[in-house]
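# Secondary and tertiary structure notes
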Amino acid sequence: MTTSGIRVRFAPSPTGFLHLGGARTALFNYLFARHHKGTFVLRVEDTDQERSTGDSIQAIFDGLKWLSIDWDEGPFFQSKRLDLYRNAADRLLSEGKAYRCFCTPEELEERRKEAFAKGIPPRYDGRCRDRSHFPDIPHVLRFRTPDIPEIVVRDLIRGDMRFNGNLLDDWVIIRSDGYPTYNFAVVIDDLDMGISHVLRGDDHINNTPRQITLFEALGAPLPKFAHIPMIHGPDRAKLSKRHGATSVMAYHEMGYLPHALVNYIARLGWSHKDQEIFSRQELIDYFDLDHVGSSPAVFNPEKLLWLNAQYIRNEDPSTLSSELLPFLKPVRHPFSPGPDTKEPNLDRIVEEWKTRVRTLTELAEAVHPFRDQEFSYSSDAMEKHLIPDNKPLILLYSQRFSAISSWTRENLEEVLGSIGLECNLKLGKLAQPLRAALTGQNVSPGIYDVLLLLGRDEVLRRLDRALTFIGQHK
Ligand code: GLU
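This section reports on the structure supplied with the text. (Residues numbered from 1 in each chain as written. Predicted model: local features only at pLDDT ≥ 70, side-chain atom pairs only at ≥ 80, totals over all residues. Heavy atoms only, no water.)

## Section: the pattern of salt bridges
Threshold: The rule for a salt bridge is simple: a side-chain nitrogen of Lys or Arg has to be within 4 Å of a carboxyl oxygen of Asp or Glu. Starting at the N terminus, helices and strands are each numbered in turn, a helix being any DSSP run of H or I of at least four residues and a strand any DSSP run of E of at least two.
Using the criterion set out here, one finds 34 salt bridges in the structure. One salt bridge connects Arg-34 with Asp-70, and the closest N-O pair in it is separated by 3.4 Å. Here the residue Arg-34 occupies a position in helix α1 (residues 20-35), and Asp-70 occupies one in the loop between α2 (54-66) and β3 (73-77), the gap between them amounting to 36 residues. Here the residues in one salt-bridge network are Arg-9, Arg-43, Glu-45, Arg-81, Asp-189, Asp-190 and Asp-192, joined through shared partners.

Here it is in structure tokens:
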């Protein structure tokens, strides 16, 4: 339901995957629209024919879909709206607000070099402004930039920003191939789509004065502008590959939950008191531009990992199991537990594990030994616990476990308790070799949960396997 007249858009250029900065811009627009019961438009800015690709368009849709950032109108493709830009340009041309320019790229380059040599900022010198002869050769259309000494950008995040109007030259609006330039298509579309608020990355700030003069030349009201500060890495440099993965889908592959990432990027530049964890509805309820800061946000991968761990821990086991399926390693030798324990289903294993891992990849690694008999031992487990010194202890476990009447927690506690007393070992020292033998790892759910999940037959088989391993690696 749209009741507020608020209309925003996410307008990606499909020249690569959806990166964290783009996802955050999309999210802020989405949250702003949902908070105000407005409309969120998706517009693909694919007029750069050389750099736009179908794969990138798909990658952007995939990223938005995975994050559940849905839109109300579109996707619109600029490449399919060329007539609109052409008509708008013709109108400006007929009103004398645009003109044909026949300067060739070589001539422009020559003049740029000259200006550079003289230390003058390179700008188009207006040579074709008052031209009356129009040869039938390729040309571009340029906007006749009005003589305005100062352009004020009223930004909802940064306040008023003043730009020297004399620095703007007559910029190209339609290229010689008939395609619009970025600044032109954006304004025509924002106008055509009735965009009320332009929320975008502050790497576009320098484009905004140009866009404002064009809105004014078209006699159109200005949308409100809000430029979102960049995302920096921990070293305060602009976020890039060097700081780790920047593609949203790479986080999918690394085992992050989509809402954990949404929660994390929502907090990059925006805050609500000192709350860290937000449901989707809370984000919608609380989001506002007043609490978007004006300094760059710092991406902290450790915090994202922490947040992901919180989401994994709070997720219900069956949802988590289905999210886990694509991450599971192939099972070569599935084990079926003996009569004393039920087949441990994935939900049950996940339930034991979810408080101890931070990503679905870690979870997949952790549950593997509970699904496959041929799991491997971690190097830590081999070096610290599966060593000759522990052979007698593992043998003792094997004997005592064979002898207990029924496979219950109480009986198992009794076995460990008595072995602890006999060998004078505290639970840590007592359980670690057992844990390493049963799971191949040094960390696992509680040892009794592990024993119960596996069942007696499998436990005895694994103890044998560990003894053989130790025997072979003396
Ligand atoms: N297409 C531009 C980009 O991907 C965004 C344009 C805008 O939001 O005005 O950076």
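## Quick look at the packing of aromatic side chains
For clarity, the threshold we go by: Only Phe, Tyr and Trp rings take part, Trp by its six-membered ring, and two of them pair if their centres are within 6.5 Å. Stacked means planes under 30 degrees apart, edge-to-face means over 60, and tilted covers everything else. Buried means the residue's accessible area, taken with a 1.4 Å probe over protein chains only, is under 20% of the maximum for its type, while exposed means over 50%, and partly exposed covers the values in between. Comment: the charge-over-ring label is applied if NZ (Lys) or CZ (Arg) is within 6 Å of the ring centre and within 35 degrees of the ring normal.
All told, the structure shown has 16 aromatic pairs when counted by the stated rule. Seen in terms of ring centroids, Tyr-30 and Phe-40 are 6.4 Å apart; in terms of plane orientation they differ by 75 degrees. Their pairing is edge-to-face. Of the two residues, Tyr-30 sits in helix α1 while Phe-40 sits in strand β2 (residues 39-44), which places them 10 residues apart along the sequence. Each member of the pair, Tyr-30 as well as Phe-40, carries the same accessibility label: buried. A centroid spacing of 5.8 Å and a plane angle of 85 degrees characterise the contact between Phe-375 and Tyr-377, whose relative ring orientation is edge-to-face. The rings of Phe-28, Trp-270, Phe-278, Tyr-286 and Phe-287 are connected pair by pair, giving a single aromatic cluster. Just above the ring of Phe-76 sits the side chain of Arg-81; from NZ or CZ to the centre is 5.8 Å. Seen from the ring of Tyr-377, Arg-465 lies directly overhead, with NZ or CZ sitting 5.1 Å from the centre.

## Some points on the sheet that holds β3
The line we're drawing: Here, any two strands with at least 2 DSSP bridges between them count as paired. Axes, fitted as lines to C-alpha atoms, cover a helix only where it is in contact. Angles between the N-to-C directions of the axes lie from 0 to 180 degrees.
Read across the open sheet, the three strands follow the order β1-β2-β3; overall the sheet is parallel. Only two strands of the sheet have a single partner each, and these edge strands are β1 (7-10) and β3. Taken pair by pair, the neighbouring strands of this sheet meet at an average axis angle of 25 degrees, ignoring direction. Relative to β2, β1 runs parallel, the two being bridged by four bridges. Its bridge partner being in β2, Arg-9 is matched across the sheet by Val-41.

## A few points about empty space enclosed by the protein
Defined as follows: Using protein atoms alone on a 1 Å grid, points that fit a 1.4 Å probe yet trap it form a cavity, whereas open point sets bounded by protein on both sides within 12 Å along at least five of seven lines form a pocket; residues with an atom within 4 Å of a point count as lining. Grid points are joined across faces, edges and corners, and a volume is the space filled by probe spheres set on the points. Residues are sorted three ways: Asp, Glu, Lys and Arg are charged, Ala, Val, Leu, Ile, Met, Phe, Trp, Tyr, Cys and Pro are nonpolar, and all the rest, Gly among them, are polar.
Throughout the structure, instances matching the rule amount to one cavity of 30 Å³ or more. Computed from the structure, the largest cavity encloses a volume of approximately 30 Å³. Forming the boundary of the largest cavity are Asn-263, Tyr-264, Arg-267, Glu-276, Lys-303 and Leu-307. Mapped onto the lining of the largest cavity, the elements with two or more residues apiece are α8 (258-266) and α10 (301-314). Of the residues contributing to the lining of the largest cavity, the split by class is two nonpolar, one polar and three charged.

Distances and angles like these do not, on their own, reveal function.
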